[in-house]
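The chain contents come next:
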Amino acid sequence: MIERVPLAHLPTPIEALPRLSRLLGGPQLFIKRDDLTGLGMGGNKTRKLEYLAADALAEGAKTLITTGAVQSNHCRQVAAAAAKLGLDCQLILAGNEPGKAQGNLLLDKLSGAQVFFTTKANRDQELQLRFQQAQRDGQKPYLIPYGGSNTIGALGYLNAMRELSEQKLEPDWIVFATSSGGTQAGLILGAHLTGFKGKILGISIEHSSDPFSAQIADLANKTVDELGYDWSVTSREVLINDSYCQAGYGVLTSAEIEAVNLFARTEGILLDPVYTGRAAAGLLDLIRKGFFRPEEKVLLWHTGGTPALFAEPYSQGLLDK
Ligand SMILES: *Cc1c(COP(=O)(O)O)cnc(C)c1O
């Protein structure tokens, strides 16, 4: 069994969204607050890091090294986990270095992470080079892939489905932002293990559902193999809606702006501009198209990301109406 280091405040609460449900004329909306996992301002990566950090410590690592966008929530949570565990942290960020460190980048630096900038195209190569350099320098690096999405990180959301089943809500749908796939792979595995009856629908932030659903099924199946179970997941079981990511990763459109403002104003829930804002925009569109029956229970799984609200270009863009 793979160990877990406790980093997150669990279980995260589930809240009803009665005002928003009424405004939209159903379905019954709920939200699972993984923005409140606590570590370094929270988010979904903390659940993955409970397992990834345990593996790093078991290997005797001294440095966590990973990659993401300049406003990466994943990198911010890795930096906080490293600080909490007394490890060093190196972050390879894809994008131009901004004039001011805001939002997630500010928090990366406050947590003491060493930050390097590169282009998106060179991101993974740069990660490998920095990893090898750190090895040569005796820094005992532990490499965490983009988004923490591997067979170890996926265990975080397998565990989260166990947590959900104990909370007794039994939603008909779980809707959430899917991007590097580890969250969805874990949720699907946890659904198998807990006998979850509802559907798990990822709103894609970046990738078209083909071949993304096959990649997620593949990650899920590798995790199943490592756990020693004898069942498997097909790509048809991986439900992804890719209708809301045409603008590109991290590009704010009127749909995200509307969703972020509506959740804040009707329920006091702060979404983020890149992930949960886009997932909620997709959810609102599906509701307006009558995709859900009015009596169904729909759980939006809040995966965090709120520090990006305080970074350009998002902070001002969200107010442009
Ligand atoms: C990383 C992230 C996601 C996507 O999770 P994946 O496991 O990468 O698919 C969703 N929401 C937020 C806020 C994130 O930071």
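Residues numbered from 1 in each chain as written. Predicted model: local features only at pLDDT ≥ 70, side-chain atom pairs only at ≥ 80, totals over all residues. Heavy atoms only, no water.

## Some remarks on the packing of aromatic side chains
Tallied over the entire structure, the rule returns 6 aromatic pairs. Between tyrosine 157 and tryptophan 301 the ring centres are 5.8 Å apart and the planes differ by 65 degrees, which places this aromatic pair in the edge-to-face class. Of this pair, tyrosine 157 sits in helix 6 (residues 155-166) while tryptophan 301 sits in strand 10 (residues 297-302), placing them 144 residues apart in sequence. The burial state of tyrosine 157 is the same as that of tryptophan 301; both residues are buried. Relative to phenylalanine 292, the ring of phenylalanine 291 has its centre 4.9 Å away and its plane inclined at 85 degrees; by these criteria the two rings are edge-to-face. (Phe/Tyr/Trp six-rings, centres within 6.5 Å; stacked < 30°, edge-to-face > 60°. Helix = DSSP H or I, 4+ residues; strand = E, 2+ residues; numbered from the N terminus. Buried < 20%, exposed > 50% of the residue type's maximum accessible area, 1.4 Å probe, protein only.)

## So, the side chain of asparagine 73
Secondary-structure assignment places asparagine 73 in helix 3 (residues 73-85). You can call asparagine 73 buried: its relative accessible area is 8%. Engagement of the side chain of asparagine 73 in a polar contact is seen with the side chain of arginine 76, the distance being 3.1 Å. Apart from residues no more than four positions distant in its own chain, asparagine 73 is found in contact with Asn104, Tyr275 and Gly305. (Polar contact = N/O pair within 3.5 Å; in protein donor to acceptor, adjacent residues only side chain to side chain. Contact = heavy atoms within 4.5 Å.)

## Focus on the packing of helix 3 against helix 4 (residues 103-110)
Their axes nearest at 9 Å, the elements helix 3 and helix 4 cross at an angle of 15 degrees. Relative to helix 4, the element helix 3 is oriented roughly parallel. Where helix 3 crosses over helix 4, the handedness of that crossing is left-handed. Here helix 3 contributes Asn73, Cys75, Arg76 and Ala79 to the contact with helix 4, which in turn contributes Asn104, Leu107 and Asp108. When its residues are assigned to classes, the contact of helix 3 with helix 4 shows 3 nonpolar, 2 polar and 2 charged. (Axes fitted to C-alpha atoms, helices over the stretch in contact; angles between N-to-C directions. Parallel < 35°, antiparallel > 145°, perpendicular 65-115°, else oblique. Left-handed = near helix turned anticlockwise from the far one by under 90°. Nonpolar A, V, L, I, M, F, W, Y, C, P; charged D, E, K, R; others polar.)

## Here we look at the packing of helix 2 (residues 45-58) against helix 6
To characterise two packed helices, one gives the angle between the axes of the helices and the distance between these axes. Two numbers describe how helix 2 lies on helix 6: the axes approach to 7 Å, and their chain directions differ by 120 degrees. By the criterion of interaxial angle, the relationship of helix 2 to helix 6 is oblique. Relative to helix 6, the crossing made by helix 2 is right-handed. The segment helix 2 lies against helix 6, with Arg47, Lys48 and Tyr51 engaging Leu155, Gly156, Tyr157, Asn159, Ala160 and Glu163. When grouped by side-chain class, the residues that make up the contact of helix 2 with helix 6 number 4 nonpolar, 2 polar and 3 charged.

## What to know about unusual backbone geometry
Proline 27 follows glycine 26 through a cis peptide bond whose omega is 0 degrees. Relative to the helices and strands, proline 27 resides in the loop between helix 1 (18-24) and strand 2 (28-33). A cis amide bond links aspartate 210 with the next residue in sequence, proline 211, at an omega value of 15 degrees. Among the secondary structure elements, proline 211 is positioned in helix 8 (residues 209-227). Notably, lysine 140 is not glycine yet its phi reads approximately 45 degrees, a positive angle.

Function-wise, these values are silent; they only describe arrangement.
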